[in-house]
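# Commentary on secondary and tertiary structure
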Amino acid sequence: MSSVGSHEEQLSQSDPSPSPNSCSSFELIDMDAGSLYEPVSPHWFYCKIIDSKETWIPFNSQDSQQLEEAYGSGKDCDRTVVPTDGGRYDVHLGERMRYAVYWDELASEVRRCTWFYKGDKDNKYVPYSESFSQVLEETYMLAVTLDEWKKKLESPNREVIILHNPKLMVHYQPLAGSDEWGSTPTEQGRPRTVKRGVENISVDIHCGEPLQIDHLVFVVHGIGPACDLRFRSIVQCVNDFRSVSLNLLQTHFKKAQENQQIGRVEFLPVNWHSPLHSTGVDVDLQRITLPSINRLRHFTNDTILDVFFYNSPTYCQTIVDTVASEMNRLYVLFLQRNPNFKGGVSIAGHSLGSLILFDILTNQKDSLGDVDSKKDLPSIFMDQGDIPTLEEDLKKLQLSEFFSIFEKEKVDKEALALCTDKDLQEMGIPLGPRKKILNYLRTRKNSMGINRPTPQSPAGANMSNIPRESELCSSTNGTGNDEHLDVGIGQVPVKYPRLIYKPEIFFAFGSPIGMFLTVRGLKRIDPNYKFPTCKGFFNIYHPFDPVAYRIEPMVVPGVEFEPMLIPHHKGRKRMHLELREGLTRMSMDLKNNLLGSLRMAWKSFTRAPYPALQASETAEETEAEPESSSEKPSDVSTEENLVAVKQEAPPIHVGMLNGGQRIDYVLQEKPIESFNEYLFALQSHLCYWESEDTVLLVLKEIYQTQGIFLDQPLQ
């Protein structure tokens, strides 16, 4: 007897066929067996590489239905493109490939799935190929129709599938080297479960995203290519941020969704790290990097040095150009794919990304006007400002005859700004024209606010520039010099590009903006200053974030006040914070009562003993004692009233940077985080992507601009 026969005999013994009178749940014997067969419902999946392993992820129900309709439409699949995942990915049906639209990402395989088998390690179901699934389905149809089971199929990879009955189907995968011994695949390996139809496997399939997009938010990352402790990219982190926002819309904006007042907010990532490190700087750094502690040095070169790159004029120009041009590109592409979009645009930055956006916003010019953005996008996209050339400057100074000398020496405007009187003399420029040129350069430099204390001057020796810098901050809100490079707050002297839209709100997560402004020499932000093109600014941070700094004390330096506490997304404060505040109030009450009791006891103890007094004097003392005793509680109540007044202090005016509203917003730490601040410091800086409280604040502020509010206000 062959090995196959013996194996099938074992299977038959372990799984005996039921008698015709049996009511087995595995097989049903009926004359009209063909009526039991129903075609399988396909579902579309795509393959993604996660931790160096292939993982098949189902499309949401809405996208899978669109793909199936396009597949069954009879049109040429080779030219059919179906947008999925809210329009962020395109599926080329003929190629069976899924491509990212807004960012660079490896294309992933797409498959129309009907049959699945359980994987090796993670117990997740893996779909068969479309061609082999069709063979399995035909075999299954014959088995059901003819009521003939124990069907055995062999895949092109010599994997054997046996259909014992509708409920029991197994998959055998041959072990390596089985061919050398001549054994059959059915004898090798542990059998795996085979399932027909996606409804029979355990997998989460979401319904899909609302088609209507109410608002667009660009998200800029901080230092390094990784954005969280799991070393995920900005694309993956923003995907989490978007998923949290969709869940919160269903729970906190339910009424508006039911009334079809809102759709969703789209979040798109902006990546500047890859273009920066593709300039060849990594090769230059590698040549000078020491060979010891290689991994730590590589991490430093890839992440921490981004801060130093931003303080370099050369690479700072690359970074701001990349961020601005990428946001402009994404905006144009988004409008092309969503021509009916009528919502606003906001921007968000994490860590160093928020500082980049802050510098870009402070250097915008409010000159876009109320133009038709869709009509004028191409011209605005190419416009970098009407900057006069060197030839025009010389013509203005009536020194056009010297342009040929500068052209011969290859001196442009930037090089001319670095020239000294001796340099101009060596080029053959006479004394009079030299003085004119140097005076023009000096005047232009002063008008742009780039004059700062020289490195030789000690700190605090010359403070006359500080008020002027804050004044420059407020004077940039309007049309100014087209050659304006910065706003006089110590920014690197680079040319900041223009955005082709006006952001409504700027959200900063875990931002070091306050620290950088202080290091640049800015002591105070003018309360009247606001971004030229952006109305709102929210500085959101975790209380244990080591990178985050406040902004409001720079606007109101003489007043100490707490930041705004972000409500928990489920309402109220976290329990441990309420307990802490309750204990604090209790200790204050005990302290006040104890002090009052001690004061009364001390006065009674130190009171001088009087001899027998007149009856009238005794009566007066008796009347005075209630007065004195009534004064003591009044002292305690006065202190309590002071505490109450302090808690109910009127709102503080923190300037116009956020339209008169508060700027600093602090998250509530989790109970476990309060045990050790240092242990959770790094995690606190990377917590914003999955923070429901952060996302809810962003959604609340965005929809408030449209007159839509939360179902129940959070306290």
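Every value quoted in this text rests on a predicted model; they were computed, and no experiment measured them. (Residues numbered from 1 in each chain as written. Predicted model: local features only at pLDDT ≥ 70, side-chain atom pairs only at ≥ 80, totals over all residues. Heavy atoms only, no water.)

## Overview of the overall build of the chain
Of the regular secondary structure elements, the chain holds 24 helices and 19 strands. Considering the chain as a whole, with its 715 residues, one finds that 43% of them fall into the buried category. Long-range contacts, defined here as pairs at least 24 residues apart, represent 72% of the contacts in the chain between residues at least 6 apart. Approximately 39,800 Å² of the chain is accessible, and the part contributed by carbon and sulfur atoms is 54%. (Helix = DSSP H or I, 4+ residues; strand = E, 2+ residues; numbered from the N terminus. Buried < 20%, exposed > 50% of the residue type's maximum accessible area, 1.4 Å probe, protein only. Contact = heavy atoms within 4.5 Å. Areas by Shrake-Rupley, 256 points an atom, 1.4 Å probe, with all protein chains shown as cover.)

## Examining the side chain of Asn328
Topologically, Asn328 is positioned in helix 10 (residues 313-337). Residue classification places Asn328 among the buried residues on the basis of a relative accessible area of 4%. Only 3.1 Å separates the side chain of Asn328 from the backbone nitrogen of Ile500, close enough to count as a polar contact. (Polar contact = N/O pair within 3.5 Å; in protein donor to acceptor, adjacent residues only side chain to side chain.)

## So, the environment of Ile57
Locating Ile57 in the fold gives a position in strand 2 (residues 53-58). Residues Ile57 and Val203, 146 residues apart in the sequence, show an inter-C-alpha distance of 8.6 Å. When sequence neighbours within four positions are dropped, the list of residues in contact with Ile57 reads Phe45, Tyr46, Lys48 and Ile50.

## Remarks on the pairing of strand 6 (residues 108-113)
In the sheet, strand 1 (residues 43-50) pairs with strand 6 via four bridges, with the strands oriented antiparallel. Bridge assignment links Tyr46 to a residue of strand 6, and that residue is Val110. In terms of strand pairing, strand 5 (residues 97-100) meets strand 6 through two bridges, oriented antiparallel. Its bridge partner being in strand 6, Arg98 is matched across the sheet by Ser108. (Pairing = 2+ DSSP bridges.)

## Regarding a nonpolar patch on the surface
Taken together, the side chains of Ile293, Leu296, Phe299, Ile304 and Phe308 make up a nonpolar region of the molecular surface, amounting to roughly 510 Å² of accessible area. Here Ile304 is to be found in helix 9 (residues 294-310). (Patch = residues over 30% accessible without salt bridge, like charges linked within 9 Å, V, L, I, M, F, W, Y side chains within 5 Å. Salt bridge = Lys/Arg side-chain N within 4 Å of Asp/Glu carboxyl O.)

## Description of the nonpolar core
One finds Phe218, Met327 and Phe506 to be the most contacted residues of the largest nonpolar core, which totals 102 residues. Shared between two domains, this core takes at least three residues from each, and those domains are domain 1 (43-176 + 188-196) and domain 2 (209-364 + 496-598 + 652-714). Leave out the neighbours within four places in its chain, and Met327 touches Phe218, Val220, Val270, Ile347, Leu357, Leu499 and Tyr501. Core analysis: the second largest hydrophobic core is formed by 16 residues, Leu394, Leu399, Cys419 and Leu441 among them. (Core = buried A, V, L, I, M, F, W, Y, C linked by side-chain atoms within 4.5 Å. Domains from an automatic or database assignment.)

## Focus: the sheet that holds strand 13 (residues 213-220)
Within the open sheet, the seven strands sit side by side as 14-13-15-16-17-19-18. Their pairing is parallel. Of all the strands in the sheet, the pair left with one neighbour each is strand 14 (264-270) and strand 18 (564-565). Note that strand 15 (residues 344-350) and strand 16 (residues 505-509) share four bridges and pair parallel. Looking at strand 16, one finds that His350 is bridged to Phe509. Set on the sheet, helix 11 (residues 352-362) makes contact with strand 13, strand 15 and strand 16; between it and strand 15 the angle comes to about 130 degrees. Where helix 24 (residues 692-704) meets the sheet, it contacts strand 13, strand 14, strand 16, strand 17 (536-541) and strand 19 (664-666), and its direction lies at approximately 170 degrees from that of strand 16. (Axes fitted to C-alpha atoms, helices over the stretch in contact; angles between N-to-C directions.)

## Quick notes on the packing of aromatic side chains
Summed over the entire model, instances satisfying the criterion amount to 26 aromatic pairs. Between the aromatic rings of Phe334 and Phe341, the centroid separation amounts to 5.0 Å while the plane-to-plane angle is 85 degrees, which identifies the pairing as edge-to-face. Under the relative-accessibility criterion, Phe334 is labelled buried at 1%. Overall, the relative accessible area of 7% leaves Phe341 in the buried class. Three or more aromatic residues link up through ring pairs in this structure, and these residues are Phe241, Phe267, Phe509, Tyr688 and Trp689. Arg98 extends its terminal NZ or CZ atom over the ring of Tyr46, reaching a point 3.8 Å from the ring centre. (Phe/Tyr/Trp six-rings, centres within 6.5 Å; stacked < 30°, edge-to-face > 60°. Lys NZ or Arg CZ within 6 Å of the ring centre and 35° of its normal.)

## Regarding the packing of helix 5 (residues 234-252) against helix 24
Helix packing geometry: the angle between the two helix axes and the distance between the axes. Orientation of helix 5 relative to helix 24, taken along the N-to-C sense of each, is 65 degrees, at an axis distance of 9 Å. Viewed along their axes, helix 5 and helix 24 adopt a mutual orientation that is roughly perpendicular. Judged by the sense of rotation from one axis to the other, the crossing of helix 5 with helix 24 is right-handed. Each of Phe241, Val244, Ser245, Leu248, Leu249 and His252 in helix 5 lies in contact with helix 24, whose residues at this interface are Glu692, Thr694, Val695, Leu696, Val698, Leu699 and Tyr703. Looking at the contact of helix 5 with helix 24 residue by residue, the class counts come to nine nonpolar, three polar and one charged. (Parallel < 35°, antiparallel > 145°, perpendicular 65-115°, else oblique. Left-handed = near helix turned anticlockwise from the far one by under 90°. Nonpolar A, V, L, I, M, F, W, Y, C, P; charged D, E, K, R; others polar.)

## Considering the sheet that holds strand 7 (residues 115-118)
Taking strand neighbours across the sheet as the criterion, the six strands line up as 8-7-12-11-10-9 in an open arrangement whose pairing is antiparallel. The strands lining the two open edges of the sheet, one partner per strand, are strand 8 (125-127) and strand 9 (151-154). Neighbour-to-neighbour, the strand axes of this sheet turn through a mean angle of 30 degrees, independent of strand direction. Note: strand 7 against strand 8, three bridges, orientation antiparallel.

## Describing the pairing of strand 14
Across the seven residues of strand 14, seven count as buried, placing the element largely inside the fold. Because side chains alternate across strand 14, one face comprises the buried residues Arg264, Glu266, Leu268 and Val270, and the other comprises Val265, Phe267 and Pro269, equally buried. Pairing between strand 13 and strand 14: seven bridges, direction parallel. Bridging across to strand 14, Leu216 finds its partner in Glu266.

## With respect to helix 2 (residues 61-71)
Buried within helix 2 we find Asp63, Ser64, Leu67 and Ala70. The arc that holds the buried residues of helix 2, viewed along the axis, is 125 degrees, so those residues lie on one side. Residues of helix 2 that are buried in the fold lie against strand 1, strand 3 (81-84) and strand 4 (89-92). Between the side-chain oxygen of the N-cap and the backbone nitrogen of Gln62 there are 3.1 Å, and the N-cap of helix 2 in question is Asn60. (Arc of directions from axis to C-beta.)

## Quick word on unusual backbone geometry
Unlike most non-glycine residues, Arg96 shows phi in positive territory, near 55 degrees. Residue position: Arg96 is located in the loop between strand 4 and strand 5.

## Looking at the confidence of the model for the chain
Here the chain averages 77 in pLDDT, while 72% of its residues score no lower than 70. For the stretch residues 369-386, pLDDT sits under 50, and the model shows 23 contacts to residues farther than four places along the chain or on other chains. Every residue in residues 610-624 scores below 50 in pLDDT, and together they form two contacts with partners more than four places removed in sequence or on other chains. (pLDDT = per-residue confidence, 0-100.)

## A few points about the pattern of salt bridges
Scanning the model with the defined rule gives 22 salt bridges in all. As a salt-bridge pair, Glu109 and Arg111 come within 3.0 Å of each other at their nearest N and O atoms. On the basis of relative accessible area, Arg111 is assigned to the buried category, the value being 14%. Note that Glu690 and Arg232 form a salt bridge whose closest N and O atoms lie 3.4 Å from each other. Taken together, the residues Glu690 in the loop between helix 23 (681-685) and helix 24 and Arg232 in the loop between strand 13 and helix 5 connect sequence positions 458 residues apart. By relative accessible area, which is 40% here, Glu690 ends up partly exposed. Overlapping salt bridges bring together Arg88, Glu209, Arg242, Arg264 and Glu266 as one network.

## Some details on the environment of Thr279
Here Thr279 shows up in the loop between helix 7 (273-277) and helix 8 (281-288). Residues Thr279 and Thr318 lie 39 residues apart in sequence; the distance between their C-alpha atoms is 9.1 Å. Aside from chain neighbours lying at most four places away, what touches Thr279 is Tyr315 and Thr318.

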